[in-house]
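# Architecture and fold: a report
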Amino acid sequence: MNRRDFLQHGTEALAASLALAAWLEALHSSARAATRQERVLVLLELRGGNDGLNTVIPYRDPAYRQARPTIAVAEGPPLERGLILHPALAPLQPVWEARRLAFALGVGWPQPSRSHFKATDQWATGSPQGSGPGWLAAGLDRRGAAGPLVALGPSGSTAVEGGQALALQMAPALLTGGLSTRLNPAQAGRHALLRRMLELEADGRRELIRLRKALRPLPDGVAVPRGELGQQVALALRLIGSGAAPAVIQMAQGGYDTHANQEQRHRRVLTELAGALTSFERGLRRLPGRPRVTLLATSEFGRRLGENASQGTDHGSASVALLMGDGVPHPFLGDYPALNRLDERGDLVAGLTPAALYQQVLTR
């Protein structure tokens, strides 16, 4: 339950258990914490279902070329294991050569939901059921870290919600708008839990103000691309370099639902992604005394092996995830799915679950 829903149903919330009250107390304490982070995890959600087959590409595989007569990619920066990168990701080649870029191969759930909503819930929670706290929130709880977890994406992310540490929405637009903490908990009357929620709302706003005041300019010589993703990257770098970096930063990029005209549409979003990530890496190199930073880019599912009649691809299963930054498991995690061994739905068979991928990221 998020705070907005709780405020709308304050009366029913009075019947909540003592466990909820304990959770609120922990959340209240974490809102006041301002510790210097030793490590920052950055989650970049590629929304829409990125086509992993045309991102990290088995270009020599006859099954790949046969299934995609018009959208198969034949040339790109070489990796290893007979794989290449999409040409739009060529700016990332120096990051790969510096061993600061890696790919998780064949990531997905067994026979995953092809619904964007259900699949997004599964990835956000790290569970096939798609329920429970966000995987980053739960991971932070296990580490005993105080937070906060800061979502920069325009619609936030449930991956950062549901834990004891404070989760905040800090879209770039908030940098110029006013933030008021003039909430009066006394308006809750005798509703104790509703009063606490109003106090937490005020704490959240105070934390946003603290983070905003701590922001530093971008490092000299670092320019970010125009657009929504570039703005998020700029704000993430300013937070990481502020000396008050949050434990978790979330970003998001849309446009990966390429049912039609995939060649042009996929190239466009991957070009934007490459520009944003190279700017992010350049900024990290120029931030003195920064914490360790690991970025993980995921998508809610991959695409089908075969192209459709609209020169696109439909919702599928296993895909690739991208890891970048300090201590990534270069060059690969997992193995590429065999294109000649599909499941009964005709989808790629995943060999690495999101939960296993998350465990690798959280323990590095």
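Use the structure listed above.
Before going into details, it helps to say that this report is about the structure given with it. (Residues numbered from 1 in each chain as written. Predicted model: local features only at pLDDT ≥ 70, side-chain atom pairs only at ≥ 80, totals over all residues. Heavy atoms only, no water.)

### Comments concerning the overall build of the protein chain
- Along the protein chain, the regular secondary structure elements total eleven helices and ten strands.
- Counting only residues that meet the buried cut, the protein chain has 52% of its 364 residues in that class.
- Look at the contacts in the protein chain between residues 6 or more apart in sequence, and 73% of them connect residues 24 or more apart. (Helix = DSSP H or I, 4+ residues; strand = E, 2+ residues; numbered from the N terminus. Buried < 20%, exposed > 50% of the residue type's maximum accessible area, 1.4 Å probe, protein only. Contact = heavy atoms within 4.5 Å.)

### Points about helix α7 (residues 135-143)
- Three or more residues of α7 are buried, namely Trp135, Leu136, Ala137, Ala138, Gly139 and Leu140.
- Lining the buried residues of α7 we find β1 (39-46), α6 (116-125), β5 (149-151), β7 (248-253), β8 (292-298) and α11 (354-362).
- Following α7 by one or two positions, Gly144 has its phi on the positive side, about 70 degrees.

### Looking at the sheet that holds strand β9 (residues 319-325)
- Read across the open sheet, the eight strands follow the order β6-β5-β7-β1-β8-β9-β4-β10; overall the sheet is mixed. At either margin of the open sheet sits one strand with a lone partner, and together these are β6 (167-169) and β10 (332-333).
- Here β1 runs beside β8; their pairing, made up of seven bridges, is parallel. Bridge assignment links Leu43 to a residue of β8, and that residue is Leu296. (Pairing = 2+ DSSP bridges.)

### Here's the deal with unusual backbone geometry
- For the bond from His330 to Pro331, the omega torsion is 0 degrees, close enough to zero to count as cis.
- Counting through the fold element by element, Pro331 comes out in the loop between β9 and β10.
- Here the phi dihedral of Arg81 falls at roughly 60 degrees; this positive angle occurs in a residue that is not glycine.
- Among the structural elements, Arg81 can be located in the loop between α4 (62-67) and β3 (84-85).
- One non-glycine residue, Asn261, lies in positive phi territory at about 50 degrees.
- Note on placement: Asn261 falls in the loop between β7 and α10 (262-285).
- Overall, Asn261 belongs to the partly exposed group, its relative accessible area being 35%.

### Points about the nonpolar core
- One finds Phe103 and Phe280 to be the most contacted residues of the largest nonpolar core, which totals 52 residues.
- Take this core: its biggest share by element is eight residues, from α10.
- Contacts of Phe280, omitting those with residues within four sequence positions, involve Val42, Val233, Ala236, Leu237, Ile240, Val293, Leu295 and Met324. (Core = buried A, V, L, I, M, F, W, Y, C linked by side-chain atoms within 4.5 Å.)

### Looking at the pattern of salt bridges
- Counted according to the given criterion, the structure contains eleven salt bridges.
- Close ionic contact of Arg100 with Glu281 constitutes a salt bridge, the shortest N to O distance being 2.6 Å. You can see Arg100 sitting in the loop between α5 (93-97) and β4 (101-107) and its partner Glu281 sitting in helix α10, a full 181 residues away along the chain. Here Arg100 and Glu281 have matching classes, each one buried. (Salt bridge = Lys/Arg side-chain N within 4 Å of Asp/Glu carboxyl O.)

### Quick look at the packing of aromatic side chains
- In the structure shown here, the tally under the stated rule is four aromatic pairs.
- When the ring of Trp96 is compared with that of Phe332, the centres are 5.6 Å apart and the planes differ by 50 degrees; the resulting orientation is tilted. Placement of the pair is Trp96 in helix α5 and Phe332 in strand β10, with a sequence separation of 236 residues. An identical accessibility class is assigned to Trp96 and Phe332; each is buried.
- Their ring planes at 75 degrees and their centres at 6.3 Å tell us that Trp123 and Tyr358 sit as a pair that is edge-to-face. Pair noted here: Trp123 is in helix α6 and Tyr358 is in helix α11, with a separation of 235 residues, a long-range link.
- What makes Tyr358 buried here is its relative accessible area of 4%.
- Within the aromatic cluster, the residues linked to one another by ring pairs are Trp96, Phe103 and Phe332. (Phe/Tyr/Trp six-rings, centres within 6.5 Å; stacked < 30°, edge-to-face > 60°.)

### So, the side chain of Glu45
- Among the structural elements, Glu45 can be located in strand β1.
- Owing to a relative accessible area of 12%, Glu45 belongs among the buried residues under this scheme.
- Within the structure, the side chain of Glu45 is placed 2.6 Å from the side chain of Arg47, a separation counted as a polar contact.
- Side chain to side chain, Glu45 and Gln250 meet in a polar contact 3.1 Å long.
- Excluding residues that lie within four positions of it along the chain, Glu45 makes contacts with Gly156, Ser157, Ala159, Gln250, Met251, Ala252, Gln253 and Thr298. (Polar contact = N/O pair within 3.5 Å; in protein donor to acceptor, adjacent residues only side chain to side chain.)

### Some words on the environment of Leu152
- Note on placement: Leu152 falls in the loop between β5 and β6.
- Sequence separation between Leu152 and Gln169 is 17 residues; the distance between their C-alpha atoms is 6.3 Å.
- The residues contacting Leu152, other than those within four sequence positions of it, are Gln169, Met170, Ala171, Pro172, Gln232, Leu235, Ala236, Leu239, Ile249, Gln250 and Met251.

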